[in-house]
Amino acid sequence: METRQLNKEGRELWNRKARFWDELHGDEGNLFHRRLVEPSILQLLALQNGERVLDVGCGNGALARRLAGKGANITALDFSEEMIRLAKGRGFASDIDYRIVDATDKDALLSLGTAHFDAIVCSMTLMDIPIVAPLFEAASELLRAEGRFVFATMHPSFNSNNPVFFQEKQDRDGVVTRVAGVKILAYLDLPPVKGSGAPGEPAPHYYYHRPLSALFQEAFEAGFLLDGLLEPAFSPEDADLGPELSWTGMWQIPPVLSARLRLA
Ligand SMILES: C[S@@+](CC[C@H](N)C(=O)[O-])C[C@H]1O[C@@H](n2cnc3c(N)ncnc32)[C@H](O)[C@@H]1O
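Residues numbered from 1 in each chain as written. Predicted model: local features only at pLDDT ≥ 70, side-chain atom pairs only at ≥ 80, totals over all residues.

Topic: the overall build of the chain
Thought 1: Scanning the chain from N- to C-terminus turns up 7 helices and 11 strands.
Thought 2: Computed over C-alpha atoms, the radius of gyration of the chain comes to 19 Å, within 12% of the 18 Å expected from 2.2 N^0.38 for 264 residues, which places it in the range of a compact globule.
Thought 3: Over its C-alpha atoms, taken along the principal directions, the chain stretches across nearly 65 × 40 × 35 Å.
Thought 4: Considering only contacts within the chain whose residues lie at least 6 apart along the sequence, 69% involve residues at least 24 apart. (Helix = DSSP H or I, 4+ residues; strand = E, 2+ residues; numbered from the N terminus. Rg over C-alpha atoms; globule rule 2.2 N^0.38 Å. Contact = placed C-beta atoms within 7 Å.)

Brief notes about the pairing of strand β4 (residues 117-123)
Thought 1: Across the 7 residues that make up β4, a large majority, 6, are buried.
Thought 2: Bridge count for strand β1 (residues 52-56) against β4 is 3 bridges, and the pairing is parallel. When the bridges of β4 are listed, V53 appears paired with A119.
Thought 3: When β4 meets strand β5 (residues 143-154), the two strands line up parallel, connected through 6 bridges. From the neighbouring strand, V121 faces β5, where its bridge partner is V150.
Thought 4: Note on the crossover from β4 through helix α6 (residues 133-142) to β5: the handedness is right-handed. (Buried ≥ 20, exposed ≤ 12 C-beta atoms within 10 Å, placed from the backbone. Pairing = 2+ DSSP bridges. Right-handed = clockwise from strand over helix to strand, strands pointing away.)

Considering the site of the ligand
Thought 1: Within the structure, the ligand sits among 25 residues, and W14, G57, G59, A103 and S123 are positioned closest to it.
Thought 2: A per-element tally of the shell around the ligand places helix α1 (residues 3-25) first, with 4 residues. (Near = placed C-beta within 6 Å.)

Here's the deal with the nonpolar core
Thought 1: Counting residues in each nonpolar core, the largest one holds 62 residues, and the members touching the most others are I120, V121, L135 and A139.
Thought 2: Setting aside its immediate chain neighbours within four residues, V121 contacts I41, L45, V53, D55, L63 and V150. (Core = buried A, V, L, I, M, F, W, Y, C linked by C-beta atoms within 7 Å.)

Remarks on the pairing of β5
Thought 1: With 9 of 12 residues buried, β5 lies mostly within the body of the structure.
Thought 2: Relative to strand β11 (residues 256-263), β5 runs antiparallel, the two being bridged by 7 bridges. Each bridged residue has a counterpart across the sheet, and for A152 the counterpart in β11 is S258.

Quick look at the environment of R35
Thought 1: Take R35: it is sitting in helix α2 (residues 31-45).
Thought 2: Classification of R35 by C-beta neighbours within 10 Å gives buried; the count is 20.
Thought 3: Each C-alpha atom of the pair R35 and F165 lies 21 Å from the other, and the pair is 130 residues apart in sequence.

Structural notes on the sheet that holds strand β2 (residues 73-78)
Thought 1: The 7 strands lie next to each other as β3-β2-β1-β4-β5-β11-β10, forming an open sheet whose pairing is mixed. Taken across any chain shown, the strands that pair with only one partner, and hence form the sheet edges, are β3 (96-100) and β10 (224-230). Direction aside, the axes of adjacent strands within the sheet are offset by 20° on average.
Thought 2: Set on the sheet, α2 makes contact with β4, β5, β10 and β11; between it and β11 the angle comes to about 20°.
Thought 3: Across the sheet, helix α4 (residues 81-90) is in contact with β2 and β3; its angle to β3 comes to roughly 165°. (Axes fitted to C-alpha atoms, helices over the stretch in contact; angles between N-to-C directions.)

Quick look at unusual backbone geometry
Thought 1: A positive phi angle, near 50°, is found at A115, a position not held by glycine.
Thought 2: Examined against the element boundaries, A115 turns out to sit in the loop between α5 (106-110) and β4.
Thought 3: For L245, which is not a glycine, the phi torsion comes out positive at approximately 55°.
Thought 4: Positionally, L245 belongs in the loop between β10 and β11.
Thought 5: C-beta crowding within 10 Å serves as the criterion here: with 15 such atoms nearby, L245 is assigned to the partly exposed category.

Details of the packing of α1 against α4
Thought 1: Relative orientation of the contacting elements α1 and α4 amounts to 25°, with a least axis distance of 7 Å. The angle between α1 and α4 falls in the class roughly parallel. Contacts from W14, N15, A18, R19 and D22 in α1 reach E81, E82, M83 and L86 in α4.
Thought 2: Of the residues in the contact of α1 with α4, the class split is 4 nonpolar, 1 polar and 4 charged. (Parallel < 35°, antiparallel > 145°, perpendicular 65-115°, else oblique. Nonpolar A, V, L, I, M, F, W, Y, C, P; charged D, E, K, R; others polar.)

Structure below.
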């Protein structure tokens, strides 16, 4: 299917499941976001009071509210009208400038103001976008010269296009234990596949796998350098927080990759 058509279908799917997503994440994001995504973004962002930040693919605005609460001046965009409506409905003491903008539309992105932002954040959205070159290209113009682009995405090496989880029983020195992990069956060249971000999702959407080399190449070609990288994972204390065979039980495998890019 052609990129524009895929993106159009993506918008319809996100509109259909916006309410589910909003309820799943509530005011502050779900466990995955609170434990892995948000702390890694905050660490890489190192936000200064009063900075202008653009949140790309803001969903129900959980990260936007968090950053606004830390004194940032936030513009938050999403291509789903329904998601923006729900984000606005959650309200916030200070103003968040919510916009309906398609992150594959470079001109629409640039209309937000060139050399205007101190930082751009993109939380768990790049893997949902069929083409990321327009976003990186626009970002290089939206940012001030010292600006940074911080993103978190599903880890391309371990958590991309529906990884297969396994659990096995082993008897070592007379002690029977269970070991769990992820099987990677392919990495370099995978077509988009639909997946459910969470059990019970009403409208599975396409995920776009990019090997690390391809993902960062898109950023490098737009003039960015990589200067920060985190691979957050759950820890043994989290084991009971999720269902069996989930990321909360895999402490050696990071499901998220977070990166900071700066203009060369
Ligand atoms: C997985 S959610 C992440 C939401 C939020 N950033 C978070 O971390 O909770 C992906 C979001 O990206 C939005 N999105 C997907 N493709 C987009 C596009 N082309 N332009 C703008 N937003 C897009 C979806 O509507 C959805 O709200």
